[in-house]
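# Close look at the chain arrangement
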Amino acid sequence: MAAGFKTVEPLEYYRRFLKENCRPDGRELGEFRTTTVNIGSISTADGSALVKLGNTTVICGVKAEFAAPPTDAPDKGYVGKLNGFVILIQILLTPTDAPDKGYVVPNVDLPPLCSSRFRSGPPGEEAQVASQFIADVIENSQIIQKEDLCISPGKLAWVLYCDLICLDYDGNILDACTFALLAALKNVQLPEVIINEETALAEVNLKKKSYLNIRSHPVATSFAVFDDTLLIVDPTGEEEHLATGTLTVVMDEEGKLCSLHKPGGSGLTGAKLQDCLSRAVTRHKEVKKLMDEVIKSMKPK
C-alpha cells in the first residue's frame, strides 16, 4: 500500500515523513548519510580517492603531465582527450602573461553506468555544471597555488588532470566530488624535476617525490528545500527531484566561504542561509576528521 502511494503521490508521501522531522530512509532532517573514503584506490594514477556518500559513489584520479607554452600559439590550448570525449582545453598551457603558474584541469563524468537518467555521448548539462562547480571551488579556495606547480618559469609546469567519475548516482554529487577531489590531491606525489642548463631538457628523479602543498581544505555541504521553507541536508536523488530548490555551501577549515551554488528554485531567508553556513562549518570538521584518520592509518608505523 505504502509503495503504491509513494508511486502515485511521491511528494505527499515525503511530506508525511517530513512533518514528523524524519525521512523515508530513517534519517533526521539534518543527518548525513554514512560517508567513507578510500585513498590511493588507483595504482596507475598519481593520486586517487574513492568516496561513498550513502549510495552515491565517486572516484577521482589525478594524472600529472608536463606542459610548456607552444612558441607559435602561446595563448591557445591543445585538443585533449578526457574520459573518451575530445574537448578543447582553452589556455591549458602556461600562458605568456603567467609564465610561473601551472594548471589544474577538472572533469566530472556522469556515465549511464551510474544512473539510467544519464545517456552516452557528450557530457550532459549536469556533468558540465558539476565540472564548472569543481573548477570554481579550486579557484576560489586556492586549494593549490598554481605557482607551486611551476617547474621553470616560462619553460615547464605541471598540469594536473583531475577526472571525477560517478560510479553510482543517488543525489548530492557535488559534495561527493569535492571530497573525492580533495582526498585525491592530498594523495598526489610529484617527482623532482630539474631543467638541465646544458641540454635544456627536463631530468626527472622518480626516486625523490614530494606531496602537493595543499593550502586549504574545501568541503561542500548540500541542502534541499521542500515547500519553500523546510531544509534537509545531504539529499538523495529522489529528494533532489522533489525539492523546490537546492543549495551547496563550500567552506574551508578557517570557516571561510569558498563557494555558494544555488541553481534557481526557492529563495532562502537570511536566517535560513545563516543556518546553512553554520551546518557547513560543522560538516567540514566531520569530513576533515574522517580524511585525516584515513591518511594517518595509511602511514607506515
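No experiment lies behind these values; they were computed from the predicted model shown.

### Remarks on the overall build of the protein
Check the secondary structure of the protein and you find six helices and 14 strands. Buried positions account for 45% of the 301 residues belonging to the protein. Sequence-distant contacts, at least 24 apart, represent 64% of the contacts inside the protein between residues at least 6 apart. Here the protein has roughly 15500 Å² of accessible surface; of this, 52% comes from carbon and sulfur atoms.

### Concerning the confidence of the model for the protein
When the pLDDT values of the protein are averaged, the result is 85; 86% of them are 70 or greater. Per-element confidence in the protein ranges from a low mean pLDDT of 31 for strand E5 (residues 85-88) to a high of 97 for strand E2 (residues 47-53). Low pLDDT, under 50, characterises residues 69-96; the predicted model gives this stretch 57 contacts beyond four residues in sequence or across chains.

### Focus on the nonpolar core
Of all hydrophobic cores here, the largest spans 52 residues; its most connected members are Leu160, Leu164, Leu185 and Leu212. Tallying contributions element by element places helix H4 (residues 173-187) first for this core, with 11 residues. Ranked by size, the runner-up nonpolar core spans 11 residues in total, among them Leu231, Leu247, Leu277 and Ala280.

### Notes on the pairing of strand E10 (residues 202-211)
Pairing analysis gives seven bridges linking strand E9 (residues 189-195) to E10, with the strands arranged antiparallel. Paired with Pro191 across the bridge in E10 is Lys209. Joining the antiparallel neighbours E9 and E10 is a turn of six residues, in which Ala200 adopts a positive phi near 65°.

### A look at the environment of Leu53
Looking at the element boundaries, Leu53 is found in strand E2. According to the relative accessible area criterion, Leu53 is buried, its value standing at 2%. Leu53 sits 17 residues away from Thr36 along the chain, and the two C-alpha atoms are 6.8 Å apart.

### So, H4
Its 15 residues give H4 an end-to-end C-alpha distance of 21 Å, which sits within 8% of 21 Å, the value for a rise of 1.5 Å per residue. The buried fraction of H4 is high, at 14 of 15 residues.

### Points about unusual backbone geometry
Even without a glycine there, the phi angle at Asn172 is positive, about 55°. We classify Asn172 as buried; its relative accessible area is 1%. With a phi close to 70°, Asp228 is a non-glycine residue in the positive phi region. Along the chain, Asp228 turns up in the loop between strand E11 (219-226) and strand E12 (230-233).

### Let's talk about the side chain of Asn172
Considering the arrangement of structural elements, one finds Asn172 in the loop between strand E8 (156-168) and H4. Here Ser222 takes part through its side chain, which lies 3.0 Å from a polar atom of the side chain of Asn172. In contact with Asn172, not counting residues within four places along its chain, are Arg33, Leu53, Thr56, Ser222, Asp234, Pro235 and Glu240.

### A few points about the packing of aromatic side chains
In total, this model carries five aromatic pairs according to the counting rule given. Each ring, one from Tyr13 and one from Tyr14, has its centre 6.3 Å from the other, and the planes form 80°; the classification is edge-to-face. A relative accessible area of 15% places Tyr13 in the buried class. Centroid distance Phe66 to Trp158: 4.7 Å. Interplanar angle 35°. Geometry classified as tilted. Remark: Trp158 occurs in strand E8 and Phe66 occurs in strand E3 (residues 56-67); sequence separation between them is 92 residues. Since its relative accessible area comes to 9%, Trp158 is described here as buried. An aromatic cluster is defined as three or more aromatic residues linked by ring pairs; in this entry it consists of Tyr13, Tyr14, Phe17 and Phe226. For Arg283, the ring lying beneath its charged end belongs to Phe32, and the centroid distance is 4.0 Å.

### Some points on a nonpolar patch on the surface
Judged by side-chain polarity, Phe66, Val204 and Leu206 come together as a nonpolar surface patch covering roughly 280 Å² of accessible area. Looking at Phe66, the relative accessible area reads 37%, which means it is partly exposed.

Scoring rules and cut-offs
Residues numbered from 1 in each chain as written. Predicted model: local features only at pLDDT ≥ 70, side-chain atom pairs only at ≥ 80, totals over all residues. Heavy atoms only, no water. Helix = DSSP H or I, 4+ residues; strand = E, 2+ residues; numbered from the N terminus. Buried < 20%, exposed > 50% of the residue type's maximum accessible area, 1.4 Å probe, protein only. Contact = heavy atoms within 4.5 Å. Areas by Shrake-Rupley, 256 points an atom, 1.4 Å probe, with all protein chains shown as cover. pLDDT = per-residue confidence, 0-100. Core = buried A, V, L, I, M, F, W, Y, C linked by side-chain atoms within 4.5 Å. Pairing = 2+ DSSP bridges. Expected span 1.5 Å × (residues − 1). Polar contact = N/O pair within 3.5 Å; in protein donor to acceptor, adjacent residues only side chain to side chain. Phe/Tyr/Trp six-rings, centres within 6.5 Å; stacked < 30°, edge-to-face > 60°. Lys NZ or Arg CZ within 6 Å of the ring centre and 35° of its normal. Patch = residues over 30% accessible without salt bridge, like charges linked within 9 Å, V, L, I, M, F, W, Y side chains within 5 Å. Salt bridge = Lys/Arg side-chain N within 4 Å of Asp/Glu carboxyl O.

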